[in-house]
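Remarks on the overall topology
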Amino acid sequence: MTEPVISVRDLRVEFVTRKGILRAIDGVSFDIMPGEVLGVVGESGAGKSVTGSAIIGLIEPPGRIAGGEIRLHGQRIDNLDPESLRRIRGRKIAMIFQDPLTSLNPLYRVGEQLVETILTHTDLGPAAARARAIDLLNEVGIPAPERRIDGYPHEFSGGMRQRVVIALALCAEPDFIVADEPTTALDVSVQAQIIALIRKLCRERGTAVMLVTHDMGVIAETADRVAVMYAGRVAEIGPVRDVVKHPLHPYAKGLMGAIPTLEAEAERLVQIPGSMPRLSNIPLGCAFNPRCERVFDRCRVERPDPNVPRFGLEGEAPLMPGHHVACHLYTRKTVETAS
Amino acid sequence: MLAFVIRRIMQSAAVMLAVALIAFLMFRFVGDPVNQMVGVDTPQEEVARLRESLGLNDPTIVQFGRFIGNALRFDFGVSYQFRQPVTRLLAERAPATLELAFTAAAFALVVGLIMGVYCALRRDSWLAQLFQAISLIGVSLPTFLIGILLIYLFAVVLGWLPSNGRGQVVKIGDWWTTGFLTTSGLRALVLPAITLGLFQMTLIMRLVRAEMLEVMRTDYIKFAKARGLRTRSIHFGHALKNTLIPVITIAGLQLGSIIAFAIITETVFNWPGMGLLFLKAVQNVDIPIMAAYLMLIGLLFVLINLLVDLTYGLVDPRLRIAMRS
Ligand SMILES: Nc1ncnc2c1ncn2[C@@H]1O[C@H](COP(=O)(O)OP(=O)(O)OP(=O)(O)O)[C@@H](O)[C@H]1O
Ligand code: SF4
Ligand SMILES: [Mg+2]
């Protein structure tokens with residue numbers, strides 16, 4: 001059995017603010033296997049970016065990892081000292097940000113940024129690093145890389161810049177990439193190319209990817225598994241065909257409900273009545289209960305544990321392995337009370 | 001790039017023309033130059049002749065043209081007080097002012113930059129808080145008060161440094177005199193340079209701190225961290241380089257005001273520079289000196305502005321493109 005590249009267990013991230021301690025991530029768990037793409041969806045503020053930052057070790061004060069474990073190839077990385085963490089960053093774990101226009105340092109040539117990253121993480125000399133930088137640019141589909149390598153970021157278009165960003169993330173052949181909305185800032189026509197590129201690199205290199213996006217079409221095409229996040233928790237996680245086609249959690253149902261099945265290209269998340277609670281007043285029990293159509297008494301007092309085995313409503317068939325739903329509806333003895 | 005340079009030079013010339021107009025109007029309307037030259041008992045015909053010979057009866061536009069023509073040859077006439085060419089008077093005193101101003105500027109830039117970077121990177125340390133507090137004092141205290149306080153402490157109470165004059169100076173070439181080569185000259189420079197530079201130093205420190213904190217929040221710094229680049233490279237390469245762009249502009253422009261504001265410091269320390277000369281000229285309504293000084297300061301500001309714009313373009317590749325087009 002292969003080991004997960006990244007394994008997150010019961011992660012908790014808190015921000016210390018004047019109004020008190022805000023728990024932005026509360027008990028999130030998931031694994032990502034080599035070569036696997038985990039799509040992460042959820043409304044704005046659900047905690048997708050914070051989860052990604054936590055894994056890559058970039059939660060900065062006033063934020064802190066308050067509990068749980070993050071393991072890379074079985075080794076804990078959430079409690080490393082800053083210098084050891086820095087060595088892992090870029091080398092083992094990389095991150096791609098949303099906006100390629102602001103992700104690159106405007107005063108450094110593209111080649112300088114690539115070469116510096118390569119020199120930091122490998123034993124290559126300057127000349128070999130430059131050759132590798134050109135190879136990388138070529139690999140991410142930048143035409144005439146020998147020439148373009150000496151250009152400044154502003155001389156590249158948005159899509160080309162995101163390719164440069166991806167090349168930068170790939171410098172040390174990381175095992176895991178967090179891609180936080182990598183196409184949101186790009187033209188629709190370019191989005192598909194960038195997603196295809198990430199997918200291809202992931203397949204060819206066996207890199208694991210956590211792909212944060214608001215675009216269900218992208219999820220359906222790219223992800224192997226999906227996690228639906230709500231108020232800092234995972235509402236539902238499972239194989240993409242199950243979660244997208246037959247979501248179980250009422251929140252996930254709301255998210256997926258309005259997606260046209262085939263022409264799903266640029267469909268954005270649908271509004272569900274109400275809005276996500278602020279971190280300062282997440283309700284007791286299930287965080288979704290004020291907005292849930294199926295809410296019942298138990299939801300208001302007991303928080304559904306994402307890890308207990310769940311059963312489908314019809315015939316009470318157990319869910320597929322790896323499919324978890326944090327909802328009391330799918331507990332055997334509550335089926336009658338719920339319906 | 002060439003088009004950009006030419007355009008900027010034309011703009012500079014236009015500004016200088018405006019400054020010249022103001023200087024010229026000062027001549028025309030602040031006191032009558034003839035009255036300054038003649039005694040009370042000079043006969044009326046004598047005055048009229050003088051007026052004619054000075055060209056004061058020509059149309060204003062002709063006089064202005066003549067003024068500009070003379071100014072281009074650095075001829076601003078003869079000082080009423082000293083009966084000497086203004087240009088020579090200024091040239092004699094320029095080294096004192098320039099040495100003071102550049103020392104003050106170097107002090108402000110180096111210390112301000114170091115303190116600013118420190119405050120940005122260690123923003124919560126007690127030393128950073130202390131720097132912040134000191135900078136608040138530096139910004140709010142008037143220059144003459146700082147000068148007097150420094151004199152009181154280091155010259156009167158401790159007796160470490162002189163409070164007056166330039167010390168011993170050495171002549172270099174025809175007209176330059178420098179205090180850099182003698183111990184007494186260097187010692188004399190310390191207090192006035194700190195006094196003159198303190199305000200700019202706190203300004204630069206606060207600017208660098210604010211700018212660097214801003215840069216540290218940008219996506220490209222986050223991305224640099226996410227790539228695991230070394231902290232030193234992120235702080236002193238990626239972040240500092242981006243911080244310096246606006247700082248260059250401001251610091252460069254400040255050099256002009258340092259020279260202009262030297263008047264006060266020169267007065268407090270009895271520093272034999274152009275500022276002191278200007279102040280005496282104002283007291284005695286010595287218009288030629290005032291006009292020349294005004295033109296000189298105007299020229300300095302314009303030149304510095306031009307230089308700053310051009311270096312700015314060299315540092316920032318985005319602007320280099322904008323200039324080319
Ligand atoms: N530095 C911070 N200080 C305080 N709260 C923060 C901070 N950063 C994030 N948060 C909070 O953490 C929560 C999760 O934010 P996060 O950025 O992960 O959302 P997201 O799911 O990525 O949303 P989006 O789709 O808008 O990117 C939000 O409620 C946000 O207010
Ligand atoms: S636990 Fe209850 S409130 Fe929460 S989603 Fe399920 S039914 Fe709705
Ligand atoms: Mg986000």
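Quick caveat, the model's predicted, so the values are computed rather than measured.

**Structural notes on the pairing of strand 4 (residues 63-72) of chain A**
Residues and elements named next belong to chain A. Note: strand 1 (residues 6-17) against strand 4, eight bridges, orientation antiparallel. Its bridge partner lying in strand 4, valine 13 is registered against isoleucine 65. Here strand 4 pairs with strand 5 (residues 75-76) via two bridges, running antiparallel. Bridge assignment links arginine 71 to a residue of strand 5, and that residue is arginine 76. In textbook terms, the turn of a hairpin is the stretch between consecutive antiparallel strands, and for strand 4 and strand 5 this stretch comprises two residues, one of which, histidine 73, has a positive phi near 50 degrees.

**Topic: the pattern of salt bridges**
Residue and element names in this part refer to chain A. A complete count under the given rule lists 27 salt bridges over all chains for this structure. Of the charged contacts in the structure, one is a salt bridge between arginine 12 and glutamate 14, with a shortest N-O distance of 3.8 Å. Using a relative accessible area of 5% as the deciding quantity, one classes glutamate 14 as buried. Across the pair arginine 76 and glutamate 69 runs a salt bridge whose closest N-O atoms are separated by 3.5 Å. Overall, glutamate 69 belongs to the partly exposed group, its relative accessible area being 24%.

**Describing a nonpolar patch on the surface**
Residue and element names in this part refer to chain B. A grouping of Phe144, Leu145, Ile148, Leu149, Phe261 and Ile264 is seen on the molecular surface, where their side chains present a nonpolar patch of about 540 Å² in accessible area. Secondary-structure elements contributing two or more residues to the nonpolar patch are helix 7 (143-157) and helix 10 (231-268). Of the residues forming the nonpolar patch, the biggest block, four residues, is contributed by helix 7. Its place among the elements puts phenylalanine 144 in helix 7.

**Quick notes on the site of ligand 1**
Residues and elements named next belong to chain A. What surrounds ligand 1 is a group of 13 residues, the closest being Ser44, Gly45, Ser49, Val50 and His214. Between an oxygen atom of ligand 1 and a main-chain N or O atom of glycine 45, the distance comes to 2.8 Å. Interatomic distance of 2.9 Å between a side-chain N/O atom of histidine 214 and an oxygen atom of ligand 1. Look at ligand 1: alone it shows 640 Å² of surface, and the protein chains cover 65% of it. The element best represented in the shell around ligand 1 is helix 1 (residues 48-56), accounting for three residues. For the shell around ligand 1, the class distribution of residues is five nonpolar, five polar and three charged.

**With respect to the pairing of strand 6 (residues 93-96) of chain A**
Within a regular beta strand, the side chains point alternately toward one face of the sheet and then the other, so they alternate between its two faces. All names here are of chain A. Here strand 6 shows no split at all, with Ile93 and Met95 on one side and Ala94 and Ile96 on the other all buried. Note: strand 6 against strand 7 (residues 176-180), four bridges, orientation parallel. In the sheet register, methionine 95 faces strand 7, and the bridge partner there is valine 178.

**Here's the deal with the domain arrangement of chain A**
How big an interface is tends to be reported as the loss of accessible area on association of its parts. Each assigned domain of chain A is listed here: domain 1 (33-45 + 82-225) and domain 2 (238-330). Just the C-alpha atoms count here: the centres of domain 1 of chain A and domain 2 of chain A sit 31 Å apart.

**Comments concerning the confidence of the model for chain B**
Residues and elements named next belong to chain B. Mean pLDDT over chain B works out to 84, with 94% of the residues at or above the 70 mark. The least confident element of chain B is helix 13 (residues 317-324), whose mean pLDDT is 61; the most confident is helix 9 (residues 219-226), at 93. Here the complex is predicted with pTM 0.79, and the ipTM for its interfaces comes to 0.86.

**What about the site of ligand 2?**
In the vicinity of ligand 2, the contacting residues are His249, Pro250, Cys286, Phe288, Asn289, Cys292, Arg294, Cys299, Cys327, His328 and Leu329 of chain A. For the shell around ligand 2, a count of residues per class yields seven nonpolar, three polar and one charged.

**Some thoughts on the side chain of aspartate 215 of chain A**
Residue and element names in this part refer to chain A. Within the secondary structure, aspartate 215 sits in the loop between strand 8 (208-212) and helix 9 (216-222). Looking at aspartate 215, the relative accessible area reads 8%, which means it is buried. Within polar-contact distance, the side chain of aspartate 215 engages the backbone nitrogen of glycine 217 at 2.9 Å.

**So, the nonpolar core**
Counting residues in each nonpolar core, the largest one holds 104 residues, and the members touching the most others are Phe30, Ile55, Leu114, Ile166 and Phe176 of chain A. When we break this core down by domain, the ones giving at least three residues each are domain 1 (33-45 + 82-225) and domain 2 (238-330) of chain A. Setting aside residues no more than four positions away along its own chain, isoleucine 166 of chain A makes contact with Ile96, Val140, Ile194, Leu197, Ile198 and Leu201 of chain A. Residues Leu89, Leu100, Ile259 and Ile304 of chain B belong to the second largest nonpolar core, which totals 45 residues.

Reading the values: the criteria
Residues numbered from 1 in each chain as written. Chains lettered and ligands numbered in written order. Predicted model: local features only at pLDDT ≥ 70, side-chain atom pairs only at ≥ 80, totals over all residues. Heavy atoms only, no water. Pairing = 2+ DSSP bridges. Helix = DSSP H or I, 4+ residues; strand = E, 2+ residues; numbered from the N terminus. Salt bridge = Lys/Arg side-chain N within 4 Å of Asp/Glu carboxyl O. Buried < 20%, exposed > 50% of the residue type's maximum accessible area, 1.4 Å probe, protein only. Patch = residues over 30% accessible without salt bridge, like charges linked within 9 Å, V, L, I, M, F, W, Y side chains within 5 Å. Areas by Shrake-Rupley, 256 points an atom, 1.4 Å probe, with all protein chains shown as cover. Near = heavy atom within 4 Å. Polar contact = N/O pair within 3.5 Å; in protein donor to acceptor, adjacent residues only side chain to side chain. Nonpolar A, V, L, I, M, F, W, Y, C, P; charged D, E, K, R; others polar. Domains from an automatic or database assignment. pLDDT = per-residue confidence, 0-100. Core = buried A, V, L, I, M, F, W, Y, C linked by side-chain atoms within 4.5 Å. Contact = heavy atoms within 4.5 Å.

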